[in-house]
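Letter by letter, the chains look like this.
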Amino acid sequence: MTSHDLVTRARRLADDLLTPHAEQVDQEGVPPSHIEAVKQSGLLGVSAPVAYGGSAAPGAVARETAEILAGACCSTWFVKTQHHTPVMTLAKSELPVRESLLGPLSRGELMSGVAYAHLRAYPRVPVRVSRERGGRRFDGTVPWYTGWGLNDVMLLAGVTDEDEALFAFTEAREQPGLRPSPPMRLAALTASRTVSLELDGLWLPEEAVALRTPYARWAKTDRPKPTNASPAVFGVAEAALALLDEDTADPLRTRLDEVRKQAYALAEHPVPHEYLAERLALRTQAYEVLMTATAAAVVAGGGRSLAVTSRAQRLAREALFLLVQGQTAESRAAHLKALADS
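Scope of this entry: the structure provided in the associated data block. Since this is a predicted model, take the numbers as computed values, not measurements.

Here we look at the overall build of the protein chain
Consideration 1: The number of helices and strands found in the protein chain is 12 helices and 8 strands.
Consideration 2: Here the C-alpha radius of gyration of the protein chain, 20 Å, is about what a compact globule of 342 residues would show, namely 20 Å.
Consideration 3: Based on the C-alpha atoms only, the size of the protein chain along its principal axes is roughly 65 × 40 × 40 Å.
Consideration 4: By residue count, 51% of the 342 residues in the protein chain fall in the buried class.
Consideration 5: Counting every atom, the protein chain has about 15,500 Å² of accessible surface; 55% of that belongs to carbon and sulfur.

Following this line, the structure appears as structure tokens:
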């Protein structure tokens, strides 16, 4: 645990707003007022450059604030966490869009969503990008987009005819060439306002492009990311343990702390593509503790846990979501093997 100001702000936001309303949000959806509170908190700039209004906080701070928010209201955390890939993409970009958007995103004046996970389906190309009228044309389907109606802008990705991964910004709204589906009804995190996006000739100017790089190069940098255990897993597990008596919670918390310690040590390793097998193993172990903790919370709640307004049930459903959030073929195979061997 750290004493960083952003950690204090995250705890205040969780205690005063997110936790008291989490069951209502789960049933009714993340309200714009929650997003406004996140924007005002400064947490959208946790990893953003100081020169652009961010905090450039250490990784440990980013992870701890994510744990706090996810444990308080996983739906709000999930909408908020989409924002950080656009910020870090711009921070590394040398293209003109950096100067127009990095400041507003770092300061929390704007919130961004992301539409890029479909790149991991390669060599299948769900979204194709081509040149048209001095800009870029996007065609295809984005299977998942979170925060529709809550985000101001989105970072949209596709694959070009030259086998490049291309990322560009556009407004997060229906427009010519971009049509959202109705909000998806999910077993967990329906509140996060997730839709699919149909792209049929969406045209963006070249000035909207934030990144263009050979797909193989992008994939090499992306591959380590889904192998690390998500801080949200530890946050939701901690929230579940808080519903248990000490005799039940203490041994589970000891296991959780040990897995977290090892997982975060690897997250800090200077070479992100090393120790991939170990990272995946710790990711799986974190899931095991998460599922045990949330199951114990349901058991402790008894019949009351069957009510959709039950905190234990909400956490158990959020745990199911986290099992597949950020999943790749590699992480799925490692998790299934661990389950089969257990």
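Thoughts on the layout of surface pockets
Consideration 1: Its boundaries defined by the atoms lining it, the second largest pocket holds a volume of some 590 Å³.
Consideration 2: Taken together, 23 residues line the second largest pocket, and the ones lying closest to its centre are Arg11, Glu64, Glu67, Ile68 and Glu238.
Consideration 3: Contributions of two or more residues to the lining of the second largest pocket are made by α1 (5–28), α3 (59–72), α8 (231–241), α9 (246–267) and α11 (311–324).
Consideration 4: Taken together, the residues of the lining of the second largest pocket break down into 10 nonpolar, 4 polar and 9 charged.

Regarding the pairing of strand β4 (residues 153–160)
Consideration 1: In terms of residue burial, β4 counts as a mostly covered element, since 8 of its 8 residues are buried.
Consideration 2: Here strand β1 (residues 112–115) pairs with β4 via 4 bridges, running parallel. Counted as the bridge partner of glycine 113 is methionine 154 from β4.
Consideration 3: As defined by bridge partners, strand β2 (residues 127–132) adjoins β4 across 2 bridges and the pair is classed as parallel. Note on β4: the bridge partner recorded for arginine 128 is valine 159.
Consideration 4: Direction of pairing for β4 relative to strand β5 (residues 164–171): antiparallel, over a ladder of 7 bridges. Across the sheet, residue leucine 155 finds its bridge partner in β5, namely phenylalanine 169.
Consideration 5: In sequence, β4 turns back onto β5 through a hairpin of 3 residues, with aspartate 163 there showing a positive phi of about 60°.

Things to note about the side chain of glutamine 175
Consideration 1: Note that glutamine 175 resides in the loop between β5 and β6 (178–180).
Consideration 2: Once residues within four sequence positions are removed from consideration, glutamine 175 is found in contact with Thr170 and Leu202.

Overview of the nonpolar core
Consideration 1: Counting 62 residues, the largest nonpolar core has Trp77, Phe234, Leu290 and Leu322 as its most contacted members.
Consideration 2: Where this core is concerned, the elements lending two or more residues are α1, α2 (32–41), α3, α4 (74–81), α8, α9, α10 (276–301) and α11.
Consideration 3: Residues Tyr52, Leu101, Val114 and Leu119 belong to the second largest nonpolar core, which totals 21 residues.

Brief notes about the environment of tyrosine 215
Consideration 1: By secondary structure assignment, the location of tyrosine 215 is in helix α7 (residues 215–222).
Consideration 2: You can call tyrosine 215 buried: its relative accessible area is 9%.
Consideration 3: Not counting the four nearest positions on each side in its chain, tyrosine 215 is found in contact with Leu119, Arg120, Tyr122, Val159, Asp163, Glu164 and Ala165.
Consideration 4: Side-chain polar atoms of tyrosine 215 contact the backbone oxygen of leucine 119, separated by 2.6 Å.

Basis of the calculations
- Residues numbered from 1 in each chain as written.
- Predicted model: local features only at pLDDT ≥ 70, side-chain atom pairs only at ≥ 80, totals over all residues.
- Heavy atoms only, no water.
- Helix = DSSP H or I, 4+ residues; strand = E, 2+ residues; numbered from the N terminus.
- Rg over C-alpha atoms; globule rule 2.2 N^0.38 Å.
- Buried < 20%, exposed > 50% of the residue type's maximum accessible area, 1.4 Å probe, protein only.
- Areas by Shrake-Rupley, 256 points an atom, 1.4 Å probe, with all protein chains shown as cover.
- 1 Å grid on protein atoms, 1.4 Å probe; cavity = no way out; pocket = protein on both sides within 12 Å on 5 of 7 lines; lining within 4 Å.
- Points joined across faces, edges and corners; volume = space filled by probe spheres on them.
- Nonpolar A, V, L, I, M, F, W, Y, C, P; charged D, E, K, R; others polar.
- Pairing = 2+ DSSP bridges.
- Contact = heavy atoms within 4.5 Å.
- Core = buried A, V, L, I, M, F, W, Y, C linked by side-chain atoms within 4.5 Å.
- Polar contact = N/O pair within 3.5 Å; in protein donor to acceptor, adjacent residues only side chain to side chain.

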